[in-house]
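As a plain string of letters, each chain reads:
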Amino acid sequence: QRGLWSTDFPDADLNFAYQVGKFTGLDVTEPAVVLRLTDPSLKKYPFIYIAEPSSMALSSDERVALRDYLNGGGFLLLDDFWGNSELEDVRLALQEVFPDRKPRELPLTHPIFHCVFDLKEKPQVPSIHEYVAKSRLVNGAAEYYGIEDDKGRVMVLMCHNTDLADGWERAGEDAGYKREMSEAKAFPMGFNIVYYALTHGKTKAAEK
């Protein structure tokens, strides 16, 4: 059943995968696979994405499967959740997955902001509707939180007060939004995230 998880799907996935393939030469012929966390084939994929995670409620089996996937070298991106209330909802959901690990806000000096594109700020991407209406975002600055493994690898990235996927999805709908949000912020940050995930996370998950 489609729900909040399908926000920006499949256009964001397809547009972003196309740009990744064009920019890097990676094989993205299977760019928009939808899987349950308990699907045995999950371990084939080094990178997974969940949109609007503030309503995320995981079963015990899903929590175990996600923890095993991430501990095995997988990477989870959470994007498009806003304000303190939604941040707390996501924190609580992830606490059930990793009771002994807490998210920490990543400083701008973290490699994830510089590994492909050298970003000068933590990018904040509003929805195209807010951009066109010139709405002022009232939820505060963009914040990027990471949950790290024992070696300091970020295995969960929480992109708070920003909507990177709208920048991927809506790049062709408004020239100003494409220039100022998609090309300047959403795609560069996305490329950095994928590069970091692929170069820091290939361990047991990809080998099983």
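Notes on the structure in this doc start here. (Residues numbered from 1 in each chain as written. Predicted model: local features only at pLDDT ≥ 70, side-chain atom pairs only at ≥ 80, totals over all residues. Heavy atoms only, no water.)

**Regarding a nonpolar patch on the surface**
There is a patch of nonpolar side chains on the surface, built from Phe 23, Val 116 and Tyr 195 and spanning about 270 Å² of accessible area. You can see Phe 23 is positioned in helix α1 (residues 11–24). Residue Phe 23 is classed as partly exposed on the basis of its relative accessible area, which comes to 45%. (Patch = residues over 30% accessible without salt bridge, like charges linked within 9 Å, V, L, I, M, F, W, Y side chains within 5 Å. Areas by Shrake-Rupley, 256 points an atom, 1.4 Å probe, with all protein chains shown as cover. Salt bridge = Lys/Arg side-chain N within 4 Å of Asp/Glu carboxyl O. Helix = DSSP H or I, 4+ residues; strand = E, 2+ residues; numbered from the N terminus. Buried < 20%, exposed > 50% of the residue type's maximum accessible area, 1.4 Å probe, protein only.)

**Some points on the side chain of Arg 153**
The topology assignment puts Arg 153 in the loop between β4 (143–148) and β5 (154–160). Since its relative accessible area comes to 8%, Arg 153 is described here as buried. Within the structure, the side chain of Arg 153 is placed 2.7 Å from the backbone oxygen of Leu 70, a separation counted as a polar contact. (Polar contact = N/O pair within 3.5 Å; in protein donor to acceptor, adjacent residues only side chain to side chain.)

**Considering the pattern of salt bridges**
What the rule picks out here adds up to 12 salt bridges. Among the salt bridges present, the one from Asp 118 reaches Lys 120, with a minimum N-O distance of 2.9 Å. According to the relative accessible area criterion, Lys 120 is exposed, its value standing at 67%. Arg 170 is the salt-bridge partner of Glu 169, the closest N and O atoms lying 3.6 Å from each other. Classification of Glu 169 by relative accessible area gives buried; the value is 14%. Overlapping salt bridges, with partners in common, bring together Asp 166, Glu 169, Arg 170 and Glu 173 in one network.

**Some remarks on the sheet that holds strand β1 (residues 47–51)**
Ordered in space as β1-β2-β5-β4-β3, the five strands form an open sheet in which the pairing is mixed. Sheet topology places β1 and β3 (104–105) at the edges, where each strand pairs with a single neighbour. Inspection of the sheet shows β3 paired to β4 by two bridges, in the antiparallel sense. By the bridge assignment, Arg 104 is partnered in β4 with Gly 146. Of the strands in this sheet, β1, β2 (75–81) and β5 are in contact with helix α2 (residues 60–71), which crosses β2 at around 120°. Packing of helix α6 (residues 175–200) onto the sheet brings it into contact with β1, β2, β4 and β5, and relative to β2 it is tilted by some 155°. (Pairing = 2+ DSSP bridges. Contact = heavy atoms within 4.5 Å. Axes fitted to C-alpha atoms, helices over the stretch in contact; angles between N-to-C directions.)

**A short note on the packing of aromatic side chains**
Given two aromatic rings, one states the distance between the centres and the angle between the planes to describe the pair. Counted by the stated rule, this structure contains 10 aromatic pairs. Judged by centre distance (6.0 Å) and plane angle (25°), the rings of Phe 16 and Phe 191 are stacked. Linking Phe 16 in helix α1 with Phe 191 in helix α6, this pair joins segments that are 175 residues apart in sequence. The pair Phe 16 / Phe 191 is uniform in exposure class, with both members buried. Through a chain of ring-to-ring contacts, the aromatic side chains of Phe 16, Tyr 49, Phe 117, Trp 168, Phe 187 and Phe 191 assemble into a single cluster. (Phe/Tyr/Trp six-rings, centres within 6.5 Å; stacked < 30°, edge-to-face > 60°.)

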